[in-house]
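This is what each chain is made of:
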Amino acid sequence: MWRSIPVFLGGINVGSGNKPPWTLPAKATYSGYDSARAKQYFGAKDVKTPEFFPILSLLPQRALCFIKEQHPDRFVSTFLDIFKAMWKNGKDVSKPDTLAETLQSTYSSEEVKAILSSANSASFKQRLNDNTKEALDRGAFGAPWFWVRNTNGAEEPFFGSDRFHYMWEYLGLPWKDVELVPQAQPKAKI
């Protein structure tokens, strides 16, 4: 069963002692190559880092905590809407008005008000805090971070978007490895 849990990545970085890649010069330089390759590979050429990045993601993450509880059927689509707003359309979803505008494509005006007011409530501030602490307690140091339980009940962590094949193997799922295609042999000339 798949469960996505909103966390505060800044809190995970601080709590684990990790540093965002753009703060380390060598990683920042390499990131340009890696990002371009990932966009090409995943067919996401229109994804771009907004000028205002990084953002303080507390508000959108708290809003997602509320949405996960109150509107679980719309949680994934809302996450994708927020992702597209920021990474495709360059909108700063950490701003209440911008987040409200983003949510209006899926929620009524009353629902948007409830989401934003709940996101600022003590209970959902605590929920995000608790989610982040649980991730840290399980060893998280960045994102994406996956905690996976297999059919034997054993659990292990997986980090990174390039680790899906390790998870599939751990879960005993059938999968096809990446392989090189043999080059065509030159035709003989007579």
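Cut-offs and rules
- Residues numbered from 1 in each chain as written.
- Predicted model: local features only at pLDDT ≥ 70, side-chain atom pairs only at ≥ 80, totals over all residues.
- Heavy atoms only, no water.
- Pairing = 2+ DSSP bridges.
- Helix = DSSP H or I, 4+ residues; strand = E, 2+ residues; numbered from the N terminus.
- Contact = heavy atoms within 4.5 Å.
- Phe/Tyr/Trp six-rings, centres within 6.5 Å; stacked < 30°, edge-to-face > 60°.
- Buried < 20%, exposed > 50% of the residue type's maximum accessible area, 1.4 Å probe, protein only.
- Lys NZ or Arg CZ within 6 Å of the ring centre and 35° of its normal.
- Patch = residues over 30% accessible without salt bridge, like charges linked within 9 Å, V, L, I, M, F, W, Y side chains within 5 Å.
- Areas by Shrake-Rupley, 256 points an atom, 1.4 Å probe, with all protein chains shown as cover.
- Salt bridge = Lys/Arg side-chain N within 4 Å of Asp/Glu carboxyl O.

In this section: the pairing of strand β2 (residues 155–159). On any regular strand, side chains alternate: one points to one face of the sheet, the next to the other face. In terms of strand pairing, strand β1 (residues 145–149) meets β2 through five bridges, oriented antiparallel. Pairing of tryptophan 147 across the sheet is with proline 157, part of β2. Counted between consecutive antiparallel strands, the loop separating β1 from β2 contains five residues, among which glycine 153 sits at a positive phi close to 85°.

You can see asparagine 131 is positioned in helix α7 (residues 122–137). Sequence-distant contacts of asparagine 131, defined by excluding residues within four places in its chain, comprise Ile5, Pro6, Val7 and Cys65.

This part is about the packing of aromatic side chains. Inspection of every chain in the model, using the stated rule, returns 12 aromatic pairs. Judged by centre distance (5.4 Å) and plane angle (80°), the ring pair of phenylalanine 66 and phenylalanine 124 falls under edge-to-face. Of this pair, phenylalanine 66 sits in helix α3 (residues 58–70) while phenylalanine 124 sits in helix α7, placing them 58 residues apart in sequence. Per residue, the accessibility class of phenylalanine 66 equals that of phenylalanine 124, and both read buried. Seen from their ring centres, tryptophan 168 and tryptophan 175 are 6.4 Å apart, and the 50° between their planes marks the pair as tilted. A cation over a ring is seen here: lysine 68 above phenylalanine 75, with NZ or CZ 4.9 Å from the ring centre.

Our focus in this paragraph is a nonpolar patch on the surface. Side chains of Val76, Phe79, Leu80 and Phe83 sit close together on the surface and give an oily, nonpolar patch of about 340 Å² of accessible area. You can see phenylalanine 83 is positioned in helix α4 (residues 75–87). For phenylalanine 83, a relative accessible area of 35% translates into the label partly exposed.

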